Amino acid sequence: MLEMELPVLQPDHHRPTVYWYTTYRCNLACKHCSVHSSPYVDTAGDLSPEEALRAIDNIAQLRPGTVILTGGDPFTRPDALAIQQKLFDLRIRTGIETNAILIDREVARFLRRNADAGAQIALGISVDGGSAETHDFQRGPGAFAGMLRGVEAVVAEGLPVQFSSIVNRVNIDTIPDLFVLARQYKAWLLTFGFVNPIGRALEYLDDLQLTPELLERALETILDSMDRYPEVYTVIKIPPALIPPRFYPRVKRHLDQASGERFDLSTSCNFPLFGILPDGSITVCSVTRTKLKAYFGNVKSDSLVDVWRRQRFEAMRQAYLEADWLTGICGDCIFKKACKGSCRAWAYAEYGEFSGPHPLCRALEENGLFPQIYRLSYRDRLLASVRAGGGAT
């Protein structure tokens, strides 16, 4: 069965991920940005440098698996390096999501020194087009050149980089060029996501949104490029039910050949995680920031450990792993044990429940496009019909 062809997360002792939006300020205003970041965002309510450092002490007590610094662009904060330094000093694994424009040789040397001292640093750089034209269309004039300068500064210091790309209708044809860039700069990982109709992307749907036909074309281009550049470790972030059935033989072949070392499918984050917003508010993710029921306090006054226990997040983790709580089309999907419903924060933002269906999968169902072969109910009817000696209904 198809559901057995994807890796399934097993029960574990969950070390939460902290996703820290240190600021919504950014030197760019990308068309797909889910939080409306820009150079003009008011930062008056952001944590002060002193509050940010105290927040790290709060975070450290939680013993997180990883702290991911994001935004906006975390390097726009004047105290960005001080925040990173304290995380490094506490030996907290740190991911940094950036457009790389503000990374120069001095910043690269700072990261190199800390890596040499034992800090675990994962530098994720957004590359949303394999050409200046497509990258800048999404991110603004000069963004591609600025990104490359930052990448070259980091690579010159011998640090590994990860490239992350959001595929949209404009940049599909440059996907092979992204593999070339990943190979050229020895990126240890190339991750593909797909533009979602949230945040600022809602204003640019005509420019960005993928139709089902364009999504198929994008997937085919990625898989073709993986065949051509097998040395590039590739991750596709997508609910598996959005992958048309005809692609699964190729996907399975790559999974079997890679054994989790050169290719993977990623459906969700390390749920439940802590989303810390620029003002210190504690939620699950920035996607849920307007939902009062997903507001759990503030790092300035509330212990993350206490919030974790009070909200019974370990129980939520268990429900997430078992996936039996999923409702709607996700509850009837053969991939639910592997996918877990993909982005639970987006489901909560849309339907008010972490167990709700994934919005894109629900949209497929509502438009009659969800493949019947991916339904548990269809499989059960088929098996019952075979046992009874009849045909499928």
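For the structure given in this document, a descriptive report is provided here. (Residues numbered from 1 in each chain as written. Predicted model: local features only at pLDDT ≥ 70, side-chain atom pairs only at ≥ 80, totals over all residues. Heavy atoms only, no water.)

**What about the packing of helix α2 (residues 80-89) against helix α3 (residues 105-116)?**
When two helices pack together, their arrangement is given by the angle between their axes and by how far apart the axes lie.
Line of reasoning, step 1. Remark: α2 packs on α3, axes separated minimally by 11 Å, with the N-to-C direction vectors making an angle of 10 degrees. The orientation of α2 relative to α3 falls into the category roughly parallel. Here α2 contributes Leu 81, Gln 84, Gln 85 and Phe 88 to the contact with α3, which in turn contributes Val 107, Phe 110, Leu 111 and Asn 114.
Line of reasoning, step 2. For the contact of α2 with α3, the per-class residue count stands at five nonpolar, three polar and no charged. (Axes fitted to C-alpha atoms, helices over the stretch in contact; angles between N-to-C directions. Helix = DSSP H or I, 4+ residues; strand = E, 2+ residues; numbered from the N terminus. Parallel < 35°, antiparallel > 145°, perpendicular 65-115°, else oblique. Contact = heavy atoms within 4.5 Å. Nonpolar A, V, L, I, M, F, W, Y, C, P; charged D, E, K, R; others polar.)

**Looking at the pairing of strand β3 (residues 94-98)**
As a general feature of sheets, a regular strand has side chains that alternate between the two faces.
Line of reasoning, step 1. In terms of burial, β3 is largely enclosed, as four of its five residues are buried.
Line of reasoning, step 2. Taken together, strand β2 (residues 66-70), α2 and β3 form a β-α-β motif whose crossover is right-handed.
Line of reasoning, step 3. Note: β3 against strand β4 (residues 121-126), five bridges, orientation parallel. Among the inter-strand pairings, Glu 97 is bridged to a residue of β4, identified as Gly 124. (Buried < 20%, exposed > 50% of the residue type's maximum accessible area, 1.4 Å probe, protein only. Right-handed = clockwise from strand over helix to strand, strands pointing away. Pairing = 2+ DSSP bridges.)

**Re the packing of aromatic side chains**
Line of reasoning, step 1. This model, assessed by the stated rule, comprises 16 aromatic pairs.
Line of reasoning, step 2. Ring centres of Phe 296 and Phe 313 lie 5.5 Å apart, and the angle between their planes is 80 degrees; this geometry places the pair in the edge-to-face category. Remark: Phe 313 occurs in helix α11 (residues 313-322) and Phe 296 occurs in the loop between β10 (282-283) and α10 (304-310); sequence separation between them is 17 residues. Across the pair, Phe 313 and Phe 296 agree in class, each one buried.
Line of reasoning, step 3. Look at Phe 335 and Tyr 374: their rings are 5.0 Å apart centre to centre, the planes differ by 70 degrees, and that puts the pair in the edge-to-face class. Of this pair, Phe 335 sits in the loop between α12 (328-331) and α13 (336-339) while Tyr 374 sits in the loop between α15 (359-366) and α16 (376-387), placing them 39 residues apart in sequence. The same class applies to Phe 335 as to Tyr 374, namely buried.
Line of reasoning, step 4. Taken together through their ring pairs, the aromatic side chains of Tyr 248, Phe 335, Phe 370 and Tyr 374 make up a single cluster.
Line of reasoning, step 5. We note Lys 31 situated over the ring of Phe 137; from NZ or CZ to the ring centre the distance is 4.2 Å.
Line of reasoning, step 6. Its guanidinium or amino end placed over the ring of Tyr 204, Lys 31 lies 5.4 Å from that ring's centre, counting from NZ or CZ. (Phe/Tyr/Trp six-rings, centres within 6.5 Å; stacked < 30°, edge-to-face > 60°. Lys NZ or Arg CZ within 6 Å of the ring centre and 35° of its normal.)

**A look at the sheet that holds strand β7 (residues 234-237)**
Strand-to-strand pairing in sheets goes through backbone hydrogen bonds, with the strands running parallel or antiparallel.
Line of reasoning, step 1. What the 10 strands build is an open sheet, ordered β8-β7-β6-β5-β4-β3-β2-β1-β9-β10; its pairing is mixed. Each edge of the sheet is formed by a strand with only one pairing partner; in this case those strands are β8 (263-266) and β10.
Line of reasoning, step 2. Across the sheet, helix α1 (residues 49-62) is in contact with β1 (17-21), β2 and β9 (274-276); its angle to β1 comes to roughly 165 degrees.
Line of reasoning, step 3. Contacting β1, β2, β3 and β4, α2 runs over the sheet at an angle of about 170 degrees to β2.

**Here's the deal with the state of the cysteines**
Here a disulfide denotes one covalent bond, and it connects the sulfur atoms of two cysteines.
Line of reasoning, step 1. Here the structure, examined in full by the defined rule, presents zero disulfides.
Line of reasoning, step 2. Considering cysteine sulfurs only, Cys 361 is the nearest to Cys 339, which forms no disulfide, with 6.4 Å between them.
Line of reasoning, step 3. Judged by relative accessible area, Cys 339 falls into the buried class, the value being 7%. (Disulfide = S-S within 2.5 Å.)

**Thoughts on the pattern of salt bridges**
Opposite charge on two side chains lets them pair, provided their charged atoms get close.
Line of reasoning, step 1. All told, the structure shown has 20 salt bridges when counted by the stated rule.
Line of reasoning, step 2. Asp 173 is paired through a salt bridge with Arg 217; the nearest N and O atoms lie 2.9 Å apart. Linking Asp 173 in the loop between β5 (162-167) and α6 (175-184) with Arg 217 in helix α8 (residues 212-228), this pair joins segments that are 44 residues apart in sequence.
Line of reasoning, step 3. Linking Arg 375 and Glu 365 is a salt bridge whose minimum nitrogen-to-oxygen distance equals 3.5 Å. Placement of Arg 375 in the loop between α15 and α16 and of Glu 365 in helix α15 is noted, with a sequence separation of 10 residues between them.
Line of reasoning, step 4. Taking the relative accessible area as the measure of exposure, Arg 375 reaches 15% and is therefore buried.
Line of reasoning, step 5. The network of salt bridges with shared partners includes Asp 224, Asp 227, Arg 250 and Arg 253. (Salt bridge = Lys/Arg side-chain N within 4 Å of Asp/Glu carboxyl O.)

**Focus: α11**
Line of reasoning, step 1. Looking only at α11, the buried set comprises Phe 313, Met 316, Arg 317, Tyr 320 and Leu 321. Taken end-on, α11 shows its buried residues confined to a sector of 135 degrees, consistent with a single buried face.
Line of reasoning, step 2. Turning to α11, the residues buried within the fold contact β9, α10 and α14 (344-351).
Line of reasoning, step 3. Of the residues trailing α11, Ala 323 is marked for its positive phi of about 70 degrees. (Arc of directions from axis to C-beta.)

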